[in-house]
Amino acid sequence: MDSVVQLQRQLVDYTVQLFNEGFLDDQFNQLQQLQDESNPDFVVEVVTLFFEDSERLLDELAKALEQQSVDYTKIDAHVHQLKGSSSSIGAQRVQKVCIGFRNFCEERNIEGCQKCLHQVKREYSLVKTKLETLFKEGQFPGQCDEVKNIAEDHSQRQLNGILDM
Amino acid sequence: MVIPVTCYTYSSTAASISYKSKGHKRHGTLLLPPRAPLKGNRQFFLTPINYKLDMGSSSIASNRWMFEKMDGFDLSPNSDNGEEEEEEEEEEGVHVLAVDDSLADRKVIERLLKISSCKVTAVDSGWRALKLLGLLDNEEDKSSSSSSASSSSSAGFDVLKVDLIMTDYCMPGMTGYELLKKIKESTTFREIPVVIMSSENVMARIDRCLEEGAEDFIVKPVKLSDVKRIREYMASREVRSLQNQEERSRSSINKRKLQESFGLSLSSSPPSISSYQSRSPSLTPSPPSLFSSSPPCSPSSLDSPTRRLK
């Protein structure tokens, strides 16, 4: 019984960490609230859609920026979509990069755009890994080293407020 | 024959399908093959009676694969295969048409609405929304039965009856604003409240939508509190419309009293715009009378001197 509680604690600690580091924002909470026994996989499903959408958009962006004559309107449209879907699941850091990205589009600044693409790819990759860890941990508790490490760091933390998430 | 259906997956091995055939509602349970991938947005099934059901974008789980036969599909009418389904039957509850080109957003809004006891049909474009409403063939003014008979787009089932439309603003092809305009231009559907959703909190855009007749404007990402507010508005709208009906059948004295009380709420600048500008997206609700929908019974109240009840 203790080990179950401990595993839950680890998961909670890990999730809180993601919030603290800005990877996730309140919208992710909103999604979790929409999940229940009748829709036990809701969050995973929505996030999976986000992953697919993002990968497609990142591909399109890369292609668009490689063109001889860059179509900033098209790039802006893609970034807008990416910004929208990242905000829908609470992927805050991805969303923030998109905002800067759109400014560079407006300025028709190719270097700025390329830099942002690089940044957004990185942020996307980070949040994807972390979410996948979170989901895997939820399904197979106790097997993710990353989660265990976070939990050990925070082993002194009080639980009550956190478990109320 | 292709029939649009609503499908809810309630576990990774089963889905519940609802559709209408010849005016009858039917429910069925479908067993999904193992390891069904959850992506994409179209899914085809062959039913035991050879109806090809096109779930379109109102389905949740989907990919482009075909069944040769469906195990466990029960076509008995009104069989309820899951308590997880929405509580209301079609006759009660609010039926919302949600329009958004993003699949993730559609999934979220669909869940938000269902959890708020609404029935949902989600589509991916304004064009498809108009098609479902029967507005695409320039036959707006025909009655629903004749348009479903004559229009091939309705595929032999009733044109959708909705109580509320929620649409994204930025969509390829037809924007939410354009969809709004088309709906307000239609004599059949102009009374249906339309809510615009947008990730951009741009005042000019909000104003434009409201001026065109939008009921509300939600800044994305959409939250449960937003949907609750809309739900309360719909509930109070229904109450008010019932009240209006009662009032109208009463004597002229009562009618005058009603005019006075509406004169109060319709005073000064158009309430829609002024109440919007003062509202930030995270603000909650002013009482559900978001825009006191102009009472059909007393147009003259606008001209009468406003008498405020202190």
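Residues numbered from 1 in each chain as written. Chains lettered and ligands numbered in written order. Predicted model: local features only at pLDDT ≥ 70, side-chain atom pairs only at ≥ 80, totals over all residues. Heavy atoms only, no water.

Chain B is annotated in an unreviewed UniProt entry as Response regulatory domain-containing protein of Salix udensis.

Per an unreviewed UniProt entry, chain A carries the name Histidine-containing phosphotransfer protein and comes from Salix udensis.

1. So, the overall build of chain A
The cut-off we apply is this: Elements are defined by DSSP. Helices are runs of H or I of four residues or more, strands are runs of E of two residues or more, and each kind is numbered from the N terminus. Summary of the burial criterion: residues with accessible area below 20% of their type's maximum are buried, those above 50% are exposed, and those between are partly exposed, where the area comes from a 1.4 Å probe applied to protein chains only. In this analysis, two residues are considered to be in contact whenever any of their non-hydrogen atoms come within 4.5 Å of each other. Accessible surface is estimated by sampling points in the Shrake-Rupley manner with a 1.4 Å probe; for residues, cover comes only from the protein chains shown.
Secondary structure assignment for chain A yields eight helices and zero strands. Ordered by position from the N terminus, the helices and strands of chain A form the series α-α-α-α-α-α-α-α. For chain A, with 165 residues in total, the buried portion stands at 48%. Long-range pairs, those at least 24 residues apart, make up 68% of the contacts in chain A with a sequence separation of at least 6. Accessible surface computed for chain A: about 8800 Å², of which carbon and sulfur atoms make up 46%.

2. A look at the overall build of chain B
For chain B, the count of helices and strands is eight helices and 11 strands. Per-residue burial over chain B gives 51% buried out of 310 residues. Sequence separation of at least 24 residues holds for 63% of the intrachain contacts in chain B that already meet a minimum separation of 6. About 15200 Å² of surface is accessible on chain B, with carbon and sulfur atoms providing 52% of the total.

3. Focus on the UniProt feature "modified residue: 4-aspartylphosphate" (unreviewed entry) in chain B
Residues and elements named next belong to chain B. Note the threshold: UniProt positions are given in the numbering used here, feature names are shortened, and annotations may be inferred rather than shown by experiment.
As annotated by UniProt and renumbered to match this structure, "modified residue: 4-aspartylphosphate" (unreviewed entry) occupies Asp168. Position of Asp168 relative to the elements: it lies in strand S9 (residues 164-168). By relative accessible area, which is 6% here, Asp168 ends up buried. The contact partners of Asp168, leaving out residues within four places of it in the chain, are Val99, Asp100, Asp101, Gly176, Met197, Ser198 and Lys220.

4. Describing the packing of helix H3 (residues 42-66) of chain A against helix H1 (residues 103-115) of chain B
Cut-off, in case you're wondering: With axes taken as lines fitted to C-alpha atoms, and helix axes fitted only over the stretch in contact, angles between N-to-C directions fall between 0 and 180 degrees. Note on terminology: angles under 35 degrees are roughly parallel, angles over 145 are roughly antiparallel, angles of 65 to 115 are roughly perpendicular, and the others are oblique. Throughout, a crossing is termed right-handed when the near helix is turned clockwise from the far one, and left-handed when it is turned anticlockwise from it by less than a right angle. When residue character is reported, Ala, Val, Leu, Ile, Met, Phe, Trp, Tyr, Cys and Pro are called nonpolar, Asp, Glu, Lys and Arg charged, and the others, Gly included, polar.
In the contact formed by H3 of chain A and H1 of chain B, the axes pass within 8 Å of each other and the chain directions differ by 155 degrees. By the angle between their axes, H3 of chain A is roughly antiparallel relative to H1 of chain B. When the axes of H3 of chain A and H1 of chain B are compared, the crossing they make is left-handed. Of the residues in H1 of chain B, those touching H3 of chain A at Phe42, Glu45, Val46 and Leu49 of chain A are Leu103, Ala104, Lys107, Val108 and Arg111 of chain B. Across the contact of H3 of chain A with H1 of chain B, the residue classes break down as six nonpolar, no polar and three charged.

5. Examining the pattern of salt bridges
As a reminder of what qualifies: We define a salt bridge as a side-chain nitrogen of Lys or Arg found within 4 Å of a carboxyl oxygen belonging to Asp or Glu.
Under the defined criterion, the tally for this structure stands at 17 salt bridges over all chains. In this structure, Arg111 of chain B engages Asp36 of chain A in a salt bridge whose closest nitrogen and oxygen atoms are separated by 3.0 Å. Here Arg111 of chain B, found in helix H1, pairs with Asp36 of chain A, found in the loop between helix H2 (26-33) and H3, and the two come from separate chains. Note that Arg93 of chain A and Glu123 of chain A form a salt bridge whose closest N and O atoms lie 2.9 Å from each other. Here Arg93 of chain A is found in helix H5 (residues 92-107), whereas its partner Glu123 of chain A is found in helix H6 (residues 110-139), with 30 residues between them in sequence. Overall, the relative accessible area of 9% leaves Glu123 of chain A in the buried class.

6. Details of the interface of chain B and chain A
Note on interface size: it is often stated as the accessible area lost on association of the parts. Keep this limit in mind: Two parts placed together each lose some accessible area under a 1.4 Å probe, and the buried area is that loss summed for both.
Contacts between the two partners involve 24 residues from chain B and, on the opposite side, 23 residues from chain A. Together chain B and chain A conceal approximately 2100 Å² of surface at their shared face, both sides included; 56% is due to carbon and sulfur atoms. Across the contact surface, chain B and chain A share four salt bridges. For the salt bridge of Lys83 of chain A with Glu200 of chain B, the shortest nitrogen-to-oxygen distance reads 3.4 Å.

7. A few points about the UniProt feature "modified residue: Phosphohistidine" (unreviewed entry) in chain A
UniProt marks His80 of chain A with the feature "modified residue: Phosphohistidine" (unreviewed entry), using the numbering shown here. Along the chain, the position of His80 of chain A falls in helix H4 (residues 72-89). You can call His80 of chain A buried: its relative accessible area is 14%. Sequence-distant contacts of His80 of chain A, defined by excluding residues within four places in its chain, comprise Arg102 of chain A together with Cys170, Ser199 and Glu200 of chain B.

8. Some points on the pairing of strand S8 (residues 118-123) of chain B
A regular strand carries its side chains on alternate faces of the sheet. All names here are of chain B. What counts, and what does not: Criterion used throughout: strands pair if DSSP finds at least two bridges between them. Orient the strands so they point away from the viewer; a crossover is then right-handed if the path from the first strand over the helix to the second runs clockwise.
Burial analysis of S8 places five of its six residues in the buried class, which makes it a mostly covered element. Relative to S8, strand S7 (residues 94-99) runs parallel, the two being bridged by six bridges. Its bridge partner being in S8, Val94 is matched across the sheet by Cys118. Note that the unit made of S7, H1 and S8 has a crossover that is right-handed.

9. Here's the deal with the packing of aromatic side chains
All names here are of chain A. The cut-off we apply is this: Working definition: a ring pair exists when centres of Phe, Tyr or Trp rings (six-membered ring for Trp) sit within 6.5 Å. Plane angles under 30 degrees give stacked, over 60 give edge-to-face, the rest tilted.
Taken as a whole and assessed by the stated rule, the structure comprises four aromatic pairs over all chains. With 5.9 Å between their ring centres and 45 degrees between their planes, Phe50 and Phe51 make a pair best called tilted. Exposure class is identical for Phe50 and Phe51. Each is buried. Seen from their ring centres, Phe51 and Tyr124 are 6.1 Å apart, and the 80 degrees between their planes marks the pair as edge-to-face. Of this pair, Phe51 sits in helix H3 while Tyr124 sits in helix H6, and the two are 73 residues apart along the sequence. This pair shows no difference in class: Phe51 is buried, exactly as Tyr124 is. Here a set of aromatic residues connected by ring pairs shows up, and it is made of Phe50, Phe51 and Tyr124.

10. Quick look at the sheet that holds strand S10 (residues 194-198) of chain B
What holds strands together in a sheet is hydrogen bonding between their backbones, with the strands either parallel or antiparallel. Residue and element names in this part refer to chain B. Read across the sheet, five strands follow the order S8-S7-S9-S10-S11 without closing on themselves; strand pairing throughout is parallel. Edge strands, defined here as strands with exactly one partner in the open sheet, are S8 and strand S11 (216-219). Taking each pair of neighbouring strands and ignoring which way they run, the sheet shows an average axis angle of 20 degrees. Contacts from H1 reach S7, S8, S9 and S10 within the one sheet, and its direction differs from that of S8 by about 165 degrees. The strands that helix H6 (residues 224-248) touches are S7, S8, S9, S10 and S11; relative to S11, the one it contacts most, it runs at about 165 degrees.

11. Thoughts on the confidence of the model for chain A
Our working definition: pLDDT is a per-residue confidence score from the predictor, ranging from 0 to 100.
In this model, chain A carries an average pLDDT of 87, and 83% of its residues clear a pLDDT of 70 or more. Looking across chain A, the model is least confident in helix H8 (residues 160-163) of chain A, with a mean pLDDT of 51, and most confident in H3 of chain A, with 96.

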